[in-house]
Amino acid sequence: MTHLEDTLLEFISQTSTNLPPDVREAMGLALDVETPGTQASQALAIIASNIDMAADDSGPICQDTGMPTFYIHTPVGVNQIAIAGAVRKAVAAATRLGKLRPNSVDSLTGKNSGDNLGAETPVLHFEQWEQDEIEVKLILKGGGCENKNIQYSLPCTLDHLGSAGRDLEGVRKCLLHAVWQAQGQGCAPGALGVCIGSDRAQGYDLAKQQLFRTLDDVNPNPELARLEALIMDEANRLGVGAMGFGGKASLIGCKIAAANRLPASFFVSVAYECWAFRRLGVRLNPADGSIVRWLYRDPSAPVKRMARAEGFPLTGREIVLTPKLDEAAVRSLKVGDVVLIRGEMFTGRDAVHAHLMHHDPPVDLRGAVLYHCGPVMLQENGRWTVKAAGPTTSIREEPYQAEVLRRFGVRAVMGKGGMGARTLAALQECGAVYLNAIGGAAQFYARTVEEVVGVNWMEFGIPEAMWHLRVRDFAAIVTMDAHGNSLHAGIEQETGAVLERFATIK
Ligand code: SF4
């Protein structure tokens, strides 16, 4: 199979950089329904520009290219070991080219392998079939939305929804809860892949496999088709909105399968997928590995443009922040303000925060903007360049953030999805803010980076190192201020009240 490795490299690159047409269509509908001028519509405008930029420049749509997960069908007699070898080589090559972020971390040592290869990565599922072609399907599902996957064991009691029993009404409550609990942390608007039944492990796998259905298909089972339509309707009336900012577009798809279960178990497994819904497929000629046809996309058709206007819709009311920030300026900011950052900021996520608990920072963080981001970086001609740099889910840093604010004088923490009560109290005490950047807008934000000024703690691996980035007009929204206000807490409360109404409406 002379072409196989090259074919797979092209396939992985397309998956990472070019959102499939059915997802573009669904995101177009989300843009249409959102109220103009709201924070959710601003977020969707940035997302739309980002999707176009990624396709135009063949850059990763989101910096988190996830755990590459392949489902491969082969005719009887095809050498699956050779295919697995070619997949691994193609994954390593895509990582070298910056199409995938190095995302494979040794769970015992914490060391990043640097090439996306390692124990059980990439994830490969093989199956034989009685067709003549090889079929390869790939999903790149990032950590933010993967962390919002959820499994329910019925009967159970759910926040705001009460008891959920072992029937489709109980399943309906679970699925509404799944959308509600994700809020902005899974980069809404999202999609649900669902499995009713099976066991814990297979239930999650079958739920993920539902994400390979196109968003516009109709479930052949009429009962499940009705439930899918009901969830789409109700979830989009919850008010979670893009990035959890509140709004009309919370869900772009709901795909449900049912599998037999043990008499003692009734699991509802949910794979929550973000708007950066990267999945593709190809049919290959087993003789030489060349592409017979693409699945989910028609390469001869023009790619649908997403952006309705050029770039970020500025109103003139944006506030320019030039680090180092002083306390008075930061205390004057309030929830809802849009800021444009000009100057130097530092990235720091899980490893940096854990390390700061016992070590001093390598730079003076007083007045700094600390950005929760694990970028895709490439070294070109001896210089580091940013290939993708959107925010990561901030709530993971909740155990550390208050101490980092108090000890080191950071004035602005930036990420996505918001943070908890301990951070909110520290923001108030120290005179600092939380800024919400738009999740997944990795190309959009990469273009605001004028220079990679330096890097510390490279031993943590590229995504976890502390990068010093000089940016121009990096746009974000104040969602937690120094006066004790949190947009996230407010939206969670409001949407919880809507859930309570849905507890009884069918
Ligand atoms: S869009 Fe958000 S949830 Fe999805 S992979 Fe990117 S950062 Fe993660």
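See the structure above.
Quick look at the structure, then. This is a predicted model, so every value here is computed, not measured.

1. Looking at the site of the ligand
So, point 1. Residues in close proximity to the ligand total 14 residues, the closest being Cys62, Cys145, Cys187, Cys274 and Arg278.
So, point 2. Among the residues making up the shell around the ligand, the classes are represented as six nonpolar, five polar and three charged.

2. Considering empty space enclosed by the protein
So, point 1. Taken as a whole and judged by the stated rule, the model has one cavity of 30 Å³ or more.
So, point 2. Around the largest cavity sit Gln42, Ile46, Phe312, Val338, Ile438, Tyr445, Ala475, Ala476 and Ile477, which together line it.
So, point 3. The set of elements that each furnish at least two residues to the lining of the largest cavity consists of α3 (39–57) and β20 (466–480).
So, point 4. No other element matches β20, which puts three residues into the lining of the largest cavity.
So, point 5. Taken together, the residues that form the lining of the largest cavity break down as eight nonpolar, one polar and no charged.

3. Overview of the nonpolar core
So, point 1. Counting 138 residues, the largest nonpolar core has Leu175, Leu192, Val268, Met414 and Leu435 as the members making the most contacts within it.
So, point 2. Apart from residues no more than four positions distant in its own chain, Leu175 is found in contact with Leu192, Val194, Ile231, Cys254, Ile256, Val268 and Val270.

4. Here's the deal with the sheet that holds strand β2 (residues 123–129)
So, point 1. Judged by pairing direction, the sheet is mixed, and its five strands sit side by side in the order β2-β1-β3-β10-β11 without closing on themselves. Of all strands in the sheet, those bounded by a partner on one side alone are β2 and β11 (291–295). Each adjacent strand pair in this sheet contributes to an overall mean axis angle of 15 degrees, direction not counted.
So, point 2. Bridging between strand β3 (residues 134–140) and strand β10 (residues 278–284) involves seven bridges; their strand directions are antiparallel. Along β10, the bridge assignment pairs Val136 with Val282.

5. Examining the packing of aromatic side chains
So, point 1. Counting across every chain of the model gives seven aromatic pairs.
So, point 2. When the centroid spacing of 5.4 Å and the interplanar angle of 75 degrees are considered together, the rings of Tyr71 and Phe212 count as edge-to-face. Here Phe212 lies in the loop between α7 (200–209) and α8 (222–235) and Tyr71 lies in strand β1 (residues 69–75), a separation of 141 residues in the sequence. For the residue pair Tyr71 and Phe212, the accessibility class agrees, reading buried in each case.
So, point 3. Here Tyr445 and Phe474 contribute two aromatic rings whose centre-to-centre distance is 4.1 Å and whose plane-to-plane angle is 15 degrees, an arrangement assigned as stacked. Taken as a pair, Tyr445 in helix α13 (residues 442–446) and Phe474 in strand β20 lie far apart in primary sequence, 29 residues in all.

6. Some details on the environment of Val292
So, point 1. With respect to the secondary-structure elements, Val292 resides in strand β11.
So, point 2. Val292 gets classed as partly exposed once you look at its relative accessible area, which sits at 44%.
So, point 3. Through-space distance from the C-alpha of Val292 to that of Glu133 is 8.3 Å; in sequence the pair is 159 residues apart.

7. Description of the pairing of strand β13 (residues 338–347)
So, point 1. Burial analysis of β13 places eight of its 10 residues in the buried class, which makes it a mostly covered element.
So, point 2. Bridge count for strand β12 (residues 319–321) against β13 is three bridges, and the pairing is parallel. Following the sheet pairing, Val320 is matched in β13 by Leu340.
So, point 3. Where β13 meets strand β14 (residues 369–371), two bridges bridge the pair, whose relative direction is parallel. Across the sheet, Thr347 pairs through a bridge with Tyr371, a residue of β14.

8. Some words on helix α1 (residues 4–17)
So, point 1. The first and last C-alpha atoms of α1 sit 20 Å apart over 14 residues, in line with the 20 Å expected at 1.5 Å per residue.
So, point 2. Most of α1 is tucked away: 10 of the 14 residues are buried.
So, point 3. Looking at α1, one finds that the buried residues are Leu4, Thr7, Leu8, Phe11, Ile12, Ser13, Gln14, Thr15, Ser16 and Thr17.
So, point 4. In this structure, the buried side of α1 is in contact with α3, β1, α4 (80–96), β3, β10 and β11.

9. Describing the sheet that holds strand β8 (residues 251–259)
So, point 1. Read from one edge to the other, the open sheet built from four strands follows the order β4-β9-β7-β8, with strand pairing classed as mixed. Two strands in the sheet have a free side with no partner beyond their single neighbour: β4 (150–153) and β8. In this sheet, adjacent strand axes meet at a mean angle of 15 degrees when their direction is disregarded.
So, point 2. Pairing of strand β7 (residues 190–197) with β8, which is carried by eight bridges, proceeds in the parallel orientation. Across the sheet, the residue bridging to Gly197 is Ala259, located in β8.
So, point 3. Against the sheet, α7 engages β4, β7, β8 and β9 (267–273), with an angle of about 40 degrees to β9.
So, point 4. Contacts between α8 and the sheet are confined to β7 and β8, with β8 contributing the most and set at about 150 degrees to the helix.

10. Quick look at the side chain of Gln42
So, point 1. Within the element layout of this structure, Gln42 appears in helix α3.
So, point 2. In this structure Gln42 comes out as buried when scored by relative accessible area, which is 10%.
So, point 3. For Gln42, the residues in contact, after removing those within four places along its chain, are Phe312, Pro313, Val338 and Ile477.

11. Describing the layout of surface pockets
So, point 1. Roughly 860 Å³ of volume is contained in the largest pocket.
So, point 2. Among the secondary structure elements, those contributing two or more residues to the lining of the largest pocket are α5 (143–146) and α10 (350–356).
So, point 3. Looking at the lining of the largest pocket residue by residue, the class counts come to 14 nonpolar, 18 polar and 12 charged.
So, point 4. In this structure, the second largest pocket occupies an estimated 470 Å³ of space.
So, point 5. Contributing to the lining of the second largest pocket are 25 residues, with Gly37, Thr38, Ser41, Gln42 and Pro313 lying nearest its centre.
So, point 6. A total of seven residues in the lining of the second largest pocket trace back to one element, the largest contributor, which is α3.
So, point 7. Among the residues making up the lining of the second largest pocket, the classes are represented as 10 nonpolar, 10 polar and five charged.

Thresholds applied
Residues numbered from 1 in each chain as written. Predicted model: local features only at pLDDT ≥ 70, side-chain atom pairs only at ≥ 80, totals over all residues. Heavy atoms only, no water. Near = heavy atom within 4 Å. Nonpolar A, V, L, I, M, F, W, Y, C, P; charged D, E, K, R; others polar. 1 Å grid on protein atoms, 1.4 Å probe; cavity = no way out; pocket = protein on both sides within 12 Å on 5 of 7 lines; lining within 4 Å. Points joined across faces, edges and corners; volume = space filled by probe spheres on them. Helix = DSSP H or I, 4+ residues; strand = E, 2+ residues; numbered from the N terminus. Core = buried A, V, L, I, M, F, W, Y, C linked by side-chain atoms within 4.5 Å. Buried < 20%, exposed > 50% of the residue type's maximum accessible area, 1.4 Å probe, protein only. Contact = heavy atoms within 4.5 Å. Pairing = 2+ DSSP bridges. Axes fitted to C-alpha atoms, helices over the stretch in contact; angles between N-to-C directions. Phe/Tyr/Trp six-rings, centres within 6.5 Å; stacked < 30°, edge-to-face > 60°. Expected span 1.5 Å × (residues − 1).

Note that all results are geometric; they support no functional claim without further evidence.
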